[in-house]
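# Close look at the chain arrangement
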Amino acid sequence: MKIRKAVFPVAGLGTRFLPATKAMPKEMLPIVDKPLIQYAVEEAFQSGIEQIIFVTGRNKEALEDHFDRHNGLESTLMEKGKTQLLDSINKMIPDTGTIIYTRQSKPLGLGHAIWCARDIVGDEPFAVLLADDLIKSETPVLAQMLKAYEKRQSSLVAVVEVPRNETNRYGILDAEETEDGLSKIRGLIEKPDPDKAPSNLAIIGRYILTPEIFKILGHREKGAGGEIQLTDAMARLLDKQSIFGFQFEGERFDCGDKAGFQMANISYALARPDISSKLKPFIKTLLK
């Protein structure tokens, strides 16, 4: 089946970025002049996704407003002849009905957030994108994964190699490489200590999942941190189906981390001719 729907878990409180996120969703934090969530939504649409499902929580109105029309702003830009800016905001507004919102009433973990989208996704495979993982690539990472899915027709997770001492921050694979470069997963462990990690292959925020995952998540079994973990549910899904790790082409920035967030801003700013000409000399003065 074609992957038509993508789930975006965006109910988190963003406590690592307080006080900036006290009144603003962390997904609205800007990378240069575009919020994190917009990069992820653009990746989904550019990959052929037809419907976006936001799993939100309290105080996420700014996120919803961002993908809606703002008649007052549009009129002002039109009157002032700022047509380029007007075009830029109109391009990011999806067609009516292509974005759906549902609520995660309690912060019970990533697995629970995805389970909240079950009735909207229905009985079909779907994608999951975590906006915190910003990936700079020529071909959208989700598009790369969808191509692999067409061949395998199995669940896929994007993976990267991480330093061994950071395995306790990720879901880690026990896997073997296949002929086509994928990693066939034998087991998954959520946030293992470095001395217990089966590898340093870590899952990051891009998934393609089959609908069978919803039944497992519906058992609401708690794992690391007392939360309903998606990694644990996928480990149980392995008893019924194959799951593969996918090493993508692109540079990943962990924007859930303050340093990673700043690295992303610098990288994307340097790629902009209108900014880099001023930024590069400034960076050189800091490095003296």
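Read on for a plain summary of the structure. Please read these numbers as outputs of a predicted model, since none were measured by experiment.

### Some words on unusual backbone geometry
For residues other than glycine, phi is negative in most cases, and the peptide bonds are mostly trans. That bond from Leu18 to Pro19 is cis: its omega, 5°, falls within 30 degrees of zero. Along the chain, the position of Pro19 falls in the loop between strand 1 (5-9) and strand 2 (30-31). The phi dihedral of Val32 is positive, around 65°, even though this residue is not glycine. With respect to the helices, strands and loops of the structure, Val32 is situated in the loop between strand 2 and strand 3 (34-35). In this structure Val32 comes out as partly exposed when scored by relative accessible area, which is 25%.

### As for the nonpolar core
Membership of the largest hydrophobic core comes to 39 residues, with the highest contact counts inside it found for Phe8, Ile37 and Phe54. Every element with two or more residues in this core is listed here: strand 1, helix 1 (36-46), strand 4 (51-56), strand 6 (126-129), helix 7 (141-152), strand 8 (155-161), strand 11 (201-209) and strand 12 (243-246). At six residues, helix 7 tops the list of elements feeding residues into this core. The residues contacting Phe54, other than those within four sequence positions of it, are Phe8, Val10, Ile37, Val41, Leu63, Phe67, Ile99, Ile100, Tyr101 and Thr102. Counting 32 residues, the second-largest nonpolar core is a separate cluster that includes Ile53, Leu209, Ile213 and Leu238.

### Thoughts on the pairing of strand 6
Residues Phe126 and Val128 point to one face of strand 6 and Ala127 and Leu129 to the other, with burial holding for every one of them. With two bridges joining them, strand 1 and strand 6 adopt parallel strand pairing. Paired with Ala6 across the bridge in strand 6 is Ala127.

### Overview of helix 1
Across the eleven residues of helix 1, eight count as buried, placing the element largely inside the fold. Within helix 1 the residues assigned to the buried category are Leu36, Ile37, Gln38, Tyr39, Ala40, Val41, Glu43 and Ala44. Phi turns positive, to about 100°, at Gly48, one or two residues after helix 1.

### A few points about the packing of aromatic side chains
Taken as a whole and judged by the stated rule, the model has seven aromatic pairs. Arranged with centres 5.5 Å apart and planes meeting at 70°, the rings of Phe8 and Phe54 form a pair that is edge-to-face. Of this pair, Phe8 sits in strand 1 while Phe54 sits in strand 4, placing them 46 residues apart in sequence. Phe54 carries the same exposure label as Phe8, and that label is buried. Ring geometry for Phe253 versus Tyr268: centroids 6.2 Å apart, planes at 65°, classification edge-to-face. Within this pair, whereas Phe253 is found in strand 13 (residues 251-254), its partner Tyr268 is found in helix 10 (residues 258-270), the two being separated by 15 residues in sequence. Each of the two residues, Phe253 as well as Tyr268, counts as buried. The lysine or arginine in question, Arg118, covers the ring of Trp115, its NZ or CZ lying 3.6 Å from the ring centre.

### Digging into the environment of Lys147
Among the structural elements, Lys147 can be located in helix 7. Looking at Lys147, the relative accessible area reads 64%, which means it is exposed.

### As for the pairing of strand 8
Across the seven residues of strand 8, six count as buried, placing the element largely inside the fold. Sheet topology note: the strand 8/strand 12 ladder contains four bridges and is parallel. Considered in strand 12, the bridge of Ser155 is made with Ile243. Summarising the sheet, strand 8 and strand 11 pair through five bridges and their orientation is antiparallel. Among the inter-strand pairings, Val160 is bridged to a residue of strand 11, identified as Ala202.

### Side note on a nonpolar patch on the surface
A contiguous nonpolar surface patch, about 370 Å² in accessible area, is contributed by Phe282, Leu286 and Leu287. The residue Phe282 is located in helix 11 (residues 273-287) in this model. For Phe282, a relative accessible area of 46% gives the class partly exposed.

### Comments concerning the side chain of Asp132
You can see Asp132 is positioned in the loop between strand 6 and strand 7 (133-136). Beyond its immediate stretch of four places on either side in the chain, Asp132 contacts Lys26, Phe253, Asp254, Cys255 and Gly256.

### Quick word on the pattern of salt bridges
Oppositely charged side chains can form a pair if their charged atoms are brought close together. On inspection of all chains with the given rule, the structure shows 17 salt bridges. Note that Asp174 and Arg186 form a salt bridge whose closest N and O atoms lie 2.9 Å from each other. Remark: Arg186 occurs in strand 10 (residues 183-190) and Asp174 occurs in strand 9 (residues 171-177); sequence separation between them is twelve residues. Asp174 gets classed as partly exposed once you look at its relative accessible area, which sits at 27%.

Calculation criteria
Residues numbered from 1 in each chain as written. Predicted model: local features only at pLDDT ≥ 70, side-chain atom pairs only at ≥ 80, totals over all residues. Heavy atoms only, no water. Helix = DSSP H or I, 4+ residues; strand = E, 2+ residues; numbered from the N terminus. Buried < 20%, exposed > 50% of the residue type's maximum accessible area, 1.4 Å probe, protein only. Core = buried A, V, L, I, M, F, W, Y, C linked by side-chain atoms within 4.5 Å. Contact = heavy atoms within 4.5 Å. Pairing = 2+ DSSP bridges. Phe/Tyr/Trp six-rings, centres within 6.5 Å; stacked < 30°, edge-to-face > 60°. Lys NZ or Arg CZ within 6 Å of the ring centre and 35° of its normal. Patch = residues over 30% accessible without salt bridge, like charges linked within 9 Å, V, L, I, M, F, W, Y side chains within 5 Å. Areas by Shrake-Rupley, 256 points an atom, 1.4 Å probe, with all protein chains shown as cover. Salt bridge = Lys/Arg side-chain N within 4 Å of Asp/Glu carboxyl O.

These figures come from the coordinates and say nothing about function on their own.
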